[in-house]
Amino acid sequence: IRYFNNDKDLLDKFIDDVRIAYLRKAIRAGANELDVSAKWIYERIKRLGAGKSKEWFIHESILNSDEKVISEWLKAFFDDEGHVDVESGYITLNSVNKSGLIQVGQMLEKIGIVNYSIKGPYFYKQFFSYRLKVLSKSVKDFYEKVGFYSKPKQESLKILLAKKTKYELSKGNFNNKTLL
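Keep in mind that what you see is a predicted model, and the values were worked out from it rather than measured.

S.K.: Quick question: what am I supposed to make of the overall build of the protein here?
M.R.: Within the protein, the secondary structure is distributed over seven helices and seven strands. For the protein, the sequential pattern of α-helices and β-strands runs β-α-β-β-α-α-α-β-β-α-β-β-α-α. Compactness check: the protein gives a C-alpha radius of gyration of 17 Å against a globular reference of 16 Å for 180 residues, within 12% of the reference. C-alpha atoms of the protein, sized along the principal axes, occupy 60 × 35 × 30 Å. Expressed as a percentage of the 180 residues in the protein, the buried residues total 37%. Across the protein, contacts joining residues at least 24 apart in sequence account for 55% of those joining residues at least 6 apart. When the accessible surface of the protein is totalled, it reaches about 11,100 Å², and 52% of it is carbon and sulfur.

Dropping the structure here:
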């Protein structure tokens, strides 16, 4: 199993998760790359839905889990694949796998994040891709129920929330609590 990420905190989190969940050591295979050797781990992760870009899915045992498991799965997925677009006010995921994004949307709904959209296909980097957006109405819910482990994404989300709060206050909605 190979894991790639440019975020050192997420690489460290992966090392800890592998150690705790599988009692194995993830070995650095490059500056931004980790390797775990165990066929049984690969087979388990594959059964749970891991796969190539167009083939991944979320196993029913995860889809039907409690809110804590769903939130953690979403946090890990958005950490790796998501983007906080401060300018437009959205949190986005891009994928060539529309059915996988539909499952992500189902999980968001299960934890009360209902304002999202899935659009596409768009032709992007020589592939047809789809985009899931957590809309601005649900950004605060995302912050409270999912969030990020990635420090840069945490900071972007806080900036987005601060901008959103200022905007809502300027429209006369003074019932907001301080978010940061």
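S.K.: Sorry if this is basic, but what is going on with the environment of Leu108 here?
M.R.: Tracing the backbone shows Leu108 in helix H5 (residues 98-110). Accessibility expressed as a relative area gives 0% for Leu108, which makes it buried. Between the C-alpha atom of Leu108 and that of Val146, which follows or precedes it by 38 residues, the distance is 9.1 Å. Discounting residues that sit within four places of it in the chain, Leu108 has contacts with Leu74, Phe78, Ile113, Tyr116, Leu132 and Val134.

S.K.: What should I look at first to understand the sheet that holds strand S1 (residues 2-4) in this one?
M.R.: Read from one edge of the open sheet, three strands run S1-S3-S2, paired in antiparallel fashion. Only two strands of the sheet have a single partner each, and these edge strands are S1 and strand S2 (27-30). Shown here is a sheet whose adjacent strand axes are inclined to one another by a mean of 30 degrees, direction ignored. Pairing of S1 with strand S3 (residues 33-35) involves three bridges; the strand directions are antiparallel. Note that in S3 the partner of Phe4 across the bridge is Glu33. The sheet strands contacting helix H1 (residues 8-22) are S1, S2 and S3, and the helix crosses S3 at an angle near 10 degrees.

S.K.: Would you take a moment to explain the pairing of strand S6 (residues 116-124) for this structure?
M.R.: On a regular strand, one side chain projects to one face of the sheet and the next to the other, so that they alternate. Bridge analysis of S6 against strand S7 (residues 127-134) gives seven bridges, and the strand direction is antiparallel. Note on S7: the bridge partner recorded for Tyr122 is Ser129. Where S6 folds back on S7, the antiparallel hairpin that results is connected by two residues, among which Lys125 adopts a positive phi of roughly 50 degrees.

S.K.: Could you clarify how one ought to interpret the packing of helix H4 (residues 67-81) against H5 in this entry?
M.R.: Packed helix pairs are specified by the crossing angle of their axes together with the interaxial distance, meaning the distance between the axes. Interaxial distance between H4 and H5 falls to 10 Å at its minimum, and their mutual angle equals 135 degrees. By the angle between their directions, the pair H4 and H5 is classed as oblique. Between H4 and H5 the crossing geometry is left-handed. Side by side, H4 and H5 meet where Glu67, Ile70, Trp73, Leu74, Phe77 and Phe78 of the first sit next to Val104, Met107, Leu108 and Lys110 of the second. Its residues assigned to classes, the contact of H4 with H5 comprises eight nonpolar, no polar and two charged.

S.K.: When you look at the confidence of the model for the protein in this model, what are you seeing that I'm missing?
M.R.: Interpretation of the predicted coordinates at a detailed level should be avoided for regions scoring low in pLDDT. For the protein, the average pLDDT comes to 91, and 92% of its residues sit at 70 or higher. Here helix H7 (residues 151-170) stands out as the least confident element of the protein, with mean pLDDT 82; H5 is the most confident, with 97. Under a pLDDT of 50 for its full length, residues 172-180 has, in the predicted model, twelve contacts with residues more than four places off or in other chains.

Calculation notes
- Residues numbered from 1 in each chain as written.
- Predicted model: local features only at pLDDT ≥ 70, side-chain atom pairs only at ≥ 80, totals over all residues.
- Heavy atoms only, no water.
- Helix = DSSP H or I, 4+ residues; strand = E, 2+ residues; numbered from the N terminus.
- Rg over C-alpha atoms; globule rule 2.2 N^0.38 Å.
- Buried < 20%, exposed > 50% of the residue type's maximum accessible area, 1.4 Å probe, protein only.
- Contact = heavy atoms within 4.5 Å.
- Areas by Shrake-Rupley, 256 points an atom, 1.4 Å probe, with all protein chains shown as cover.
- Pairing = 2+ DSSP bridges.
- Axes fitted to C-alpha atoms, helices over the stretch in contact; angles between N-to-C directions.
- Parallel < 35°, antiparallel > 145°, perpendicular 65-115°, else oblique.
- Left-handed = near helix turned anticlockwise from the far one by under 90°.
- Nonpolar A, V, L, I, M, F, W, Y, C, P; charged D, E, K, R; others polar.
- pLDDT = per-residue confidence, 0-100.

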